[in-house]
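Residue strings, one per chain:
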Amino acid sequence: MKKLLQISLALAAAFGAFAAQAQDVKAGEKKIAMCIGCHGIAGYQASFPEIHKVPMIAGQNAKYIVTALQAYAKGDRKHPTMRGIAGSLSEQDMNDIAAFYEQQAKLPAVPDSVPAAPANVAELLTKGACVSCHGANFSKPIDPSYPKLAGQHADYLSVALKSYKTENNNNVGRSNGVMAGQVKQFSNAELKAIAAYIGSLPTEMATVPQGKFR
């Protein structure tokens, strides 16, 4: 009986810890004030480190959004604005915000079969083994901590890919050994071609306008 009670208490403690990190869509909706100024404006462009559209995050995998925010907070992703925002968020905030954005876009799933890449781009994608992580249609990654890419803004994808090549810069760059190894095989022009193809695919993501007064 005593052992059963100990097991019950242990399970209750574990459940309590899990519940503390459970994702709350409604709570997340109340925490996006710092996000909507960029991610809630269709066509909005950032100017750092170069001009590009800010990424669509509505419809993105929640686990990936959390992973990205954690990377900004730790400095593994070097972007002054995003690091400041992510650093102000608790783990619970990140989970709630991610849950809200994952369900915000209600678009049809990307079909398993998508338009084929031009021959030169197909060769680059094969060389980089991109589908092995991001999925054959670039919208069903093998792990939800990896991003959906299909239909994401091509200029953003190009900037993001180049950032994995950047080293010894306090404000620009992303620390990820796998991605760094992959992108360093390619010229910036080749990365741009990859980004253009992936950005042309059907997408499950969108920019959903959000009013400042809600």
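Above this text you will find the structure in question.
Note that this is a predicted model, so its numbers are computed, not measured.

Asker: With reference to specific residues and values, describe the packing of helix α4 (residues 62–74) against helix α6 (residues 91–104).
Answerer: It is the contact of α4 with α6, at a shortest axis distance of 8 Å, that shows an interaxial angle of 140°. It follows that α4 is oblique to α6 by the angle criterion. As for how α4 packs across α6, the hand of that crossing is right-handed. Only Glu91, Met94, Asn95, Ala98, Ala99, Tyr101 and Glu102 of α6 make contact with α4, whose side of the interface consists of Ala62, Ile65, Val66, Leu69, Gln70 and Ala73. Class assignment of the residues belonging to the contact of α4 with α6 gives a composition of nine nonpolar, two polar and two charged.

Asker: Break down helix α7 (residues 119–128) for me, citing the residues and quoting the values.
Answerer: Within α7, the full set of buried residues consists of Val121, Leu124, Leu125 and Gly128. End-on, the buried residues of α7 take up no more than an arc of 100°, which puts them together on one face. For α7, the exposed residues set more than 90 degrees away from the buried face come down to Ala119, Glu123 and Thr126. For α7, the secondary structure elements touched by its buried residues are α10 (177–183) and α11 (188–199). Where α7 ends, the next residue or the one after it, Ala129, has phi of about 50°, a positive value.

Asker: I'd love a proper account of the side chain of Ser163, names of residues and values included.
Answerer: Topologically, Ser163 is positioned in helix α9 (residues 154–163). Within the local environment of Ser163, its side chain forms a polar contact with the backbone oxygen of Ala160, the two atoms lying 2.5 Å apart. Discounting residues that sit within four places of it in the chain, Ser163 has contacts with Gly173 and Arg174.

Asker: I'd like a rundown of the pattern of salt bridges, residues and numbers included.
Answerer: Scanning all chains against the criterion turns up six salt bridges. Here Lys162 makes a salt bridge to Glu50, at a shortest N to O gap of 3.1 Å. Here Lys162 is found in helix α9, whereas its partner Glu50 is found in the loop between β1 (45–46) and β2 (52–53), with 112 residues between them in sequence. Its salt-bridge partner being Lys184, residue Glu167 comes within 2.5 Å of it at the nearest N-O pair. Taken together, the residues span a long stretch of sequence, with Glu167 in the loop between α9 and β4 (173–174) and Lys184 in the loop between α10 and α11 at a distance of 17 residues. According to the relative accessible area criterion, Glu167 is exposed, its value standing at 53%. Within the structure, one salt-bridge network assembled from shared partners comprises Lys31, Asp93 and Asp96.

Procedures and definitions
Residues numbered from 1 in each chain as written. Predicted model: local features only at pLDDT ≥ 70, side-chain atom pairs only at ≥ 80, totals over all residues. Heavy atoms only, no water. Axes fitted to C-alpha atoms, helices over the stretch in contact; angles between N-to-C directions. Helix = DSSP H or I, 4+ residues; strand = E, 2+ residues; numbered from the N terminus. Parallel < 35°, antiparallel > 145°, perpendicular 65-115°, else oblique. Left-handed = near helix turned anticlockwise from the far one by under 90°. Contact = heavy atoms within 4.5 Å. Nonpolar A, V, L, I, M, F, W, Y, C, P; charged D, E, K, R; others polar. Buried < 20%, exposed > 50% of the residue type's maximum accessible area, 1.4 Å probe, protein only. Arc of directions from axis to C-beta. Polar contact = N/O pair within 3.5 Å; in protein donor to acceptor, adjacent residues only side chain to side chain. Salt bridge = Lys/Arg side-chain N within 4 Å of Asp/Glu carboxyl O.

As far as function goes, none of this settles anything; it's purely spatial.
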